[in-house]
Amino acid sequence: MPNPSDDIAVMPTRRDLHFKLPAERIGDWHDEGPHVSQFFNALSLFFPDGERFFIHSVRHYRERITDPQLSRAVTAFIGQEAMHGREHTECNEMLDSAGLPGAPLQRFVFQLTERLKLLPKPMQLGITIALEHLTAIMANALLQDRRVVGDAEPHFGRLWRWHALEETEHKAVAYDVWCAVMPRGLGSYLLRGSTLLLASALFWPLVAIFMWRLTRADAKARAERGGWRRTFRFLFLTPGPLRRAAGEWFDYFKPGFHPWQHDNRRYLDGIEPLLRDLESGSLPRAA
Ligand SMILES: [Fe+2]
Ligand SMILES: [Fe+2]
């Protein structure tokens, strides 16, 4: 297992950004149509409470971190996740304004994360690093192919690109906390691996159920023919972000795994242009 104290490959930065999302586009902001839009909206419903849970589970171990670099990274991680939660809450509230069941679905996520907080602390941190891995590999898939959100409505596209960039920036922080506070050995390895299996087995069916609830309530999605087939093709074939993320999902089970073994920090060069776009208010398509 890598030594967390000398392995801060990237220091994350908290950025307080606003995306001025056009509310009237909430149901069809993605160029692949209403179903794909609602797939991303379903993911968005998990973020605010999910990320608050990540913060909660990492905060519990904060006092035990002696390395100042990792301590700084944890502060930035907490700041970034809090900002993601705030911006996705805005997005989720637009679902309610459009007559879609955003609030009840978010309440379900809240109740779920409240239950997770009753689990033993190492298990909570295990769930966090597993879900951070899922998030990181999805973020990588989004950043590596512009077709994932590159032709979407530009404000929504930038929100998702920003989130993917910052998830990449902090992808190893919770994992480094895990390495710093957990005893090394088979027990930790088994806990780490089993939480990814469990988290993946729970998360994806819930996303599908959320998407089904949203598409059923949305007139545009109901009118779209072949929307589920189109979503499947988008996710698994062309551009196929979930198919492309599958290999990295398996890497997590390697005994010496570390998130930066998959070095994709070149994508972080996209942060500056994104900030410039936001500042100038211009709407170029994401590269
Ligand atoms: Fe996040
Ligand atoms: Fe994250």
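All residue numbers here refer to positions counted from 1 along the written sequence of the relevant chain. Throughout, the order in which chains and ligands are written sets their labels, letters from A for the former and numbers from 1 for the latter. Local features in this predicted model are restricted to residues whose pLDDT is 70 or higher, and side-chain atom pairs enter the listing and the counts only when it is 80 or higher, whereas totals over whole chains, interfaces and linings include all residues. No hydrogens and no water enter the side-chain calculation; it runs on all heavy atoms of the structure.

1. Remarks on the overall build of the chain
Thought 1: Elements are defined by DSSP. Helices are runs of H or I of four residues or more, strands are runs of E of two residues or more, and each kind is numbered from the N terminus. Of the regular secondary structure elements, the chain holds eleven helices and zero strands.
Thought 2: Shown N-terminal to C-terminal, the secondary structure of the chain runs as helices and strands in the order α-α-α-α-α-α-α-α-α-α-α.
Thought 3: Radius of gyration here uses only the C-alpha atoms, and the compact-globule reference equals 2.2 Å multiplied by the residue count raised to the power 0.38. Since a compact globule built from 287 residues should have a radius of gyration of about 19 Å, the 18 Å found for the chain is in line with a globular shape.
Thought 4: If you line up the chain on its principal axes, its C-alpha atoms span 55 × 40 × 30 Å.
Thought 5: In the chain, buried positions account for 57% of the 287 residues.
Thought 6: Whether two residues are in contact is decided by their heavy atoms: any pair within 4.5 Å suffices. Put simply, 84% of the contacts in the chain that link residues at least 6 apart link residues at least 24 apart.
Thought 7: Carbon and sulfur atoms make up 58% of the accessible area of the chain, which amounts to about 12,600 Å² in all.
Thought 8: Only four residue types enter the charge count: Lys and Arg as positive, Asp and Glu as negative, with His and the chain ends excluded. We put the charge of a Lys on NZ, of an Arg on CZ, of an Asp on CG and of a Glu on CD. Within the chain, one finds 36 positive and 34 negative side-chain charges whose respective centroids are separated by 5 Å. The buried label applies to any residue whose accessible area, calculated with a 1.4 Å probe on protein chains only, is under 20% of its type's maximum; exposed applies above 50%, and partly exposed to all values in between. Here the accessible surface of atoms and residues is derived via Shrake-Rupley with a 1.4 Å probe, and residues count as covered only by protein chains that are part of the display.

2. Some points on the environment of E87
Thought 1: Examined against the element boundaries, E87 turns out to sit in helix α2 (residues 68-97).
Thought 2: Its relative accessible area of 2% is what places E87 among the buried residues.
Thought 3: With 67 residues separating them in the primary sequence, E87 and P154 have C-alpha atoms 15 Å apart.
Thought 4: Ignoring anything within four residues of it in the chain, the contact list for E87 reads L17, H18, F19, L159 and W162.
Thought 5: Here R86 takes part through its side chain, which lies 2.9 Å from a polar atom of the side chain of E87. Between N or O atoms, a polar contact is any pair within 3.5 Å; within protein, one atom must be a potential hydrogen donor and the other a potential acceptor, and residues adjacent in sequence are included only when both atoms are from side chains.

3. A short note on the packing of α2 against helix α6 (residues 173-181)
Thought 1: Only the stretch in contact is used when fitting a helix axis, every axis being a line fitted to C-alpha atoms; angles between N-to-C directions are given from 0 to 180 degrees. Contact pair α2 / α6: the axes reach a minimum separation of 9 Å and the direction vectors enclose 135°. Considered as vectors, α2 and α6 are oriented oblique to each other. In this structure, the crossing between α2 and α6 has a hand that is left-handed. Counting all contacts with α2, which are made through L70, A73, V74 and F77, the residues of α6 involved are V173, A174, D176, V177 and A180.
Thought 2: Under the convention adopted here, Pro, Cys and the residues Ala, Val, Leu, Ile, Met, Phe, Trp and Tyr are nonpolar, Asp, Glu, Lys and Arg are charged, and Gly plus all remaining residues are polar. By residue class, the composition of the contact of α2 with α6 is eight nonpolar, no polar and one charged. Angles below 35 degrees are treated as roughly parallel, those above 145 as roughly antiparallel, those between 65 and 115 as roughly perpendicular, and all remaining angles as oblique. Here a crossing is taken to be left-handed if its near helix is turned anticlockwise relative to the far helix by less than a right angle, and right-handed if that turn runs clockwise.

4. A look at the nonpolar core
Thought 1: Nonpolar core, defined: a set of buried Ala, Val, Leu, Ile, Met, Phe, Trp, Tyr and Cys residues in which side-chain atoms within 4.5 Å join the residues together. The biggest cluster of nonpolar side chains holds 84 residues, and the ones touching the most others in it are F40, V74, W160 and V177.
Thought 2: Top contributing element to this core by residue count: helix α1 (residues 34-59), with twelve residues.

5. Side note on the coordination of the iron ion (ligand 2)
Thought 1: Bound to the iron ion (ligand 2) are the protein donor atoms E81 (OE), E132 (OE), E132 (OE), E167 (OE), E167 (OE) and H170 (NE2), situated 2.0 to 2.8 Å from the metal.
Thought 2: Coordinating donors are taken as N, O and S atoms within 2.8 Å of the metal, stretched to 3.2 Å for Na, K and Ca; because water is absent from the atoms, sites can appear incomplete. A site with four donors is called tetrahedral when every donor-metal-donor angle falls between 85 and 135 degrees; four donors are called square planar, and six octahedral, when opposite donors sit more than 155 degrees apart and all other angles fall between 65 and 115; any other arrangement is irregular. Around the iron ion (ligand 2) sit six donor atoms; with metal-centred angles ranging over 51 to 152°, the donor geometry is irregular.
Thought 3: Donor residues for the iron ion (ligand 2) sit on one chain with the sequence pattern E-x50-E-x34-E-x2-H.
Thought 4: A separation of 3.8 Å is found between the iron ion (ligand 2) and the iron ion (ligand 1), which share E81 as a coordinating residue. Each member of the pair, E167 as well as H170, is classed as buried.

6. Here's the deal with the environment of Q80
Thought 1: Take Q80: it is sitting in helix α2.
Thought 2: With 65 residues separating them in the primary sequence, Q80 and R15 have C-alpha atoms 6.8 Å apart.
Thought 3: Not counting chain neighbours up to four residues away, the residues in contact with Q80 comprise P12, T13, R14, R15, E166, E169 and H170.
Thought 4: Among the polar contacts made by the side chain of Q80, one reaches the side chain of H170 at a distance of 2.6 Å.

Interpretation note: all reported values are geometric properties and have no functional meaning in isolation.
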